[in-house]
Amino acid sequence: TQLLEQSPQFLSIQEGENLTVYCNSSSVFSSLQWYRQEPGEGPVLLVTVVTGGEVKKLKRLTFQFGDARKDSSLHITAAQPGDTGLYLCAGANTGNQFYFGTGTSLTVIP
Amino acid sequence: NAGVTQTPKFQVLKTGQSMTLQCAQDMNHEYMSWYRQDPGMGLRLIHYSVGAGITDQGEVPNGYNVSRSTTEDFPLRLLSAAPSQTSVYFCASSFAANSPLHFGNGTRLTVT
């Protein structure tokens, strides 16, 4: 059962462009996290959002948690080659489990 | 700063063989978990543990066993490997359930 769907699955953009990645579910989560994974490594946490409607900014990255806590988005402003990687959202339920999204593979071309 | 250490990094098995994937963390985290990552499917939870002596099944537990005799170690056992278990396996730990996960660098397993 894939509870979290991410879109788009693949994204290739030029350096300096903006982009948004979406993470959608029909389930409500107590919190949602975003991770970035580079080839040959494990995912690394970017941010955790907990409150419905919450917006968090991390330099050029803006994360939003939906009002109903079922969806989230990640917006990158002025993408750089260093942003290249696989972006994963993960929702936490009340049963000690994380459910990961299908992932968005981002390539930023210099 | 070792964090979460997984061994081996690569492994090739023949169908029917068994093996253990090792995972150790040095952060005194109570929560540990195993995921498998397959193309287009993100990470799927295999088993998890909320503390020494306590384990539970995740989304895809069939064909895998775990035990948690110490806080530091959480090995994953493949009882009789099948080609469908070809995947990249990640171990993760966190301070508590639903806290941010710290991942190891994965074990790439191929079953022929």
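Before reading on, note that the structure itself is shown above.
Residues numbered from 1 in each chain as written. Chains lettered and ligands numbered in written order. Predicted model: local features only at pLDDT ≥ 70, side-chain atom pairs only at ≥ 80, totals over all residues. Heavy atoms only, no water.

Draft legend 1. Spotlight on the pairing of strand 6 (residues 55-58) of chain A. Residues and elements named next belong to chain A. Inspection of the sheet shows strand 6 paired to strand 7 (residues 61-65) by four bridges, in the antiparallel sense. Considered in strand 7, the bridge of Leu 58 is made with Leu 61. Counting the residues in the hairpin turn of strand 6 and strand 7 gives two residues, including Lys 59, whose phi is positive at 55°. (Pairing = 2+ DSSP bridges. Helix = DSSP H or I, 4+ residues; strand = E, 2+ residues; numbered from the N terminus.)

Draft legend 2. Region of interest: the interface of chain B and chain A. Facing the 23 residues of chain B at the interface are 26 residues of chain A. Taking both sides of the interface into account, the surface hidden between chain B and chain A amounts to around 1800 Å²; carbon and sulfur atoms contribute 50%. The tally of links from chain B across to chain A stands at zero salt bridges. Joining chain B to chain A, the criterion identifies three residue pairs in polar contact (both at pLDDT 80 or more). Elements supplying a minimum of two residues to the side of chain B that touches chain A: strand 4 (31-37) and strand 5 (43-51) of chain B. With four residues, the single largest contributor to the side of chain B that touches chain A is strand 5 of chain B. Residue classes in the side of chain B that touches chain A are distributed as twelve nonpolar, nine polar and two charged. (Contact = heavy atoms within 4.5 Å. Buried area = accessible area lost by both parts, 1.4 Å probe. Salt bridge = Lys/Arg side-chain N within 4 Å of Asp/Glu carboxyl O. Polar contact = N/O pair within 3.5 Å; in protein donor to acceptor, adjacent residues only side chain to side chain. Nonpolar A, V, L, I, M, F, W, Y, C, P; charged D, E, K, R; others polar.)

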